[in-house]
Amino acid sequence: MVDVARQLLDELMGRNRNLDPSVSARAVSWSDDEFCPYFLVKFCPHDLFVNTRADLGQCTKLHDDEAKRMFDDAKHCRKKNQYEEDFLRFCTNMINEVDRKIVKGKQRLLLMNSKTEGTKSVPKQQEQLNSLTERINKLVCEVEEAGTRGNVEQAQKLMEQCDQLKEEKETLLKQGESNGWSVTAEIAASQEKQMEVCEVCGAFLIVGDAQQRIDDHLTGKQHLGYSKLRKAVDEMYEARRKNSINLDERRVRDDDRRRRDNTKREDLKTRERDDRHNKREDRDHRNRYRRDYRDHKDRNDRHDIRQRDRHRRDRHDRDRDRSRSRSY
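Residues numbered from 1 in each chain as written. Predicted model: local features only at pLDDT ≥ 70, side-chain atom pairs only at ≥ 80, totals over all residues. Heavy atoms only, no water.

Here we take up a positive patch on the surface. Residues Arg265, Lys269, Arg273, Arg276, Arg280, Arg283, Arg286 and Arg290 make up a contiguous surface patch of positive charge. By secondary structure assignment, the location of arginine 280 is in helix H9 (residues 221-327). (Patch = residues over 30% accessible without salt bridge, like charges linked within 9 Å, V, L, I, M, F, W, Y side chains within 5 Å. Areas by Shrake-Rupley, 256 points an atom, 1.4 Å probe, with all protein chains shown as cover. Salt bridge = Lys/Arg side-chain N within 4 Å of Asp/Glu carboxyl O. Lys, Arg positive; Asp, Glu negative; His and termini not counted. Charge placed at Lys NZ, Arg CZ, Asp CG, Glu CD. Helix = DSSP H or I, 4+ residues; strand = E, 2+ residues; numbered from the N terminus.)

Okay, here's the thing in structure tokens:
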């Protein structure tokens with residue numbers, strides 16, 4: 001009880017309610033262990049089924065709206081993803097448990113329907129239960145009539161008798177449950193009313209029941225709690241599916257961009273390689289031209305030298321012949 005009161009005060013006045021205002025308080029972080037991770041993600045399942053058969057008890061963590069706001073504004077990280085995974089796993093386990101309950105309830109109704117088709121006999125305990133139910137309903141009507149007439153004393157006496165009959169009925173139901181007697185299914189079979197199982201919370205419902213009872217069931221904590229769990233799980237899976245689609249689209253866009261970049265890079269390399277090849281060819285052509293020109297010039301020079309030498313020899317021979325002719 002003290003822990004519950006302390007938690008309530010922390011939620012209303014803050015964790016630092018007992019500190020001196022002149023002392024600077026420690027900065028609050030959503031990753032602190034004192035905060036409820038389920039409440040930070042969406043909501044705490046412990047708050048859904050208070051005072052019902054599915055009550056999970058009081059949550060031992062702190063539910064702080066400021067920490068929740070900080071959690072929502074925080075960027076995705078490993079711990080935040082872990083919180084979401086834990087919340088999704090906890091809610092999924094609860095939904096799987098109630099789904100198994102729904103399947104068992106349907107199987108039990110099918111079994112009881114098959115038994116009632118073969119025999120119309122009603123167990124002795126069921127006969128007593130029906131008799132008590134009729135007497136209780138009759139007393140309730142008499143109490144209403146006495147209250148309408150203003151006879152308070154008679155109404156109180158009738159209510160006392162009605163309470164005694166209700167206690168006898170509860171005792172009979174407990175004995176039937178301890179003996180393995182399926183009370184709900186047997187009631188449905190004896191009263192010849194078709195039953196069904198709620199697809200959300202697994203409760204037994206009477207087909208074609210009064211609208212008021214149907215509304216009471218739909219607005220009950222247990223039905224609303226499981227409905228909220230299922231909706232939260234579906235939303236998270238849908239968000240993950242959309243994120244997966246977005247990631248796939250982003251991956252495709254990145255692949256296309258990388259492919260275009262690689263194509264541009266290859267084209268650039270090809271142009272550079274062609275430019276180097278053309279420059280090399282031009283250089284080789286110029287070198288070949290220079291070499292050919294040099295070779296041609298060398299040949300011409302050698303030819304000129306040979307021609308000069310020949311002319312010189314010819315002139316020498318002519319001079320020699322001329323000198324000889326003079327000597328004779």
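Read on, since the account is not over.
Leu40, Phe49, Phe87, Tyr226 and Leu229 are the most contacted members of the largest nonpolar core, which totals 30 residues. Secondary-structure elements contributing two or more residues to this core are helix H2 (37-41), helix H3 (65-73), helix H4 (78-118) and H9. Among the elements that make up this core, the one with the highest residue count is H4 (seven residues). Setting aside residues up to four positions removed in sequence, phenylalanine 87 forms contacts with Tyr38, Val41, Lys42, Phe43, Ala232 and Met236. (Core = buried A, V, L, I, M, F, W, Y, C linked by side-chain atoms within 4.5 Å. Buried < 20%, exposed > 50% of the residue type's maximum accessible area, 1.4 Å probe, protein only. Contact = heavy atoms within 4.5 Å.)

Enumeration over the complete set of coordinates arrives at seven aromatic pairs. Taken together, a centroid distance of 6.2 Å and an interplanar angle of 20° make the contact between phenylalanine 71 and tyrosine 83 stacked. Taken together, the residues phenylalanine 71 in helix H3 and tyrosine 83 in helix H4 connect sequence positions twelve residues apart. Across the pair, tyrosine 83 and phenylalanine 71 agree in class, each one buried. Ring pairs connect the aromatic residues Tyr38, Phe43, Phe87 and Phe90, which therefore count as one cluster. Geometry around phenylalanine 39 places lysine 68 over its ring, the cationic atom sitting 5.4 Å from the centre. Looking at lysine 80, its charged tip hangs above the ring of phenylalanine 71, at a distance of 5.0 Å from the centre. (Phe/Tyr/Trp six-rings, centres within 6.5 Å; stacked < 30°, edge-to-face > 60°. Lys NZ or Arg CZ within 6 Å of the ring centre and 35° of its normal.)

Looking now at the environment of leucine 205. Along the chain, leucine 205 falls in strand S2 (residues 204-206). On the basis of relative accessible area, leucine 205 is assigned to the partly exposed category, the value being 23%. For the pair leucine 205 and methionine 195, spaced ten residues apart in sequence, the C-alpha separation works out to 5.6 Å. Sequence-distant contacts of leucine 205, that is, excluding residues within four places in its chain, are made with Gln194, Met195, Glu196, Cys198 and His217.

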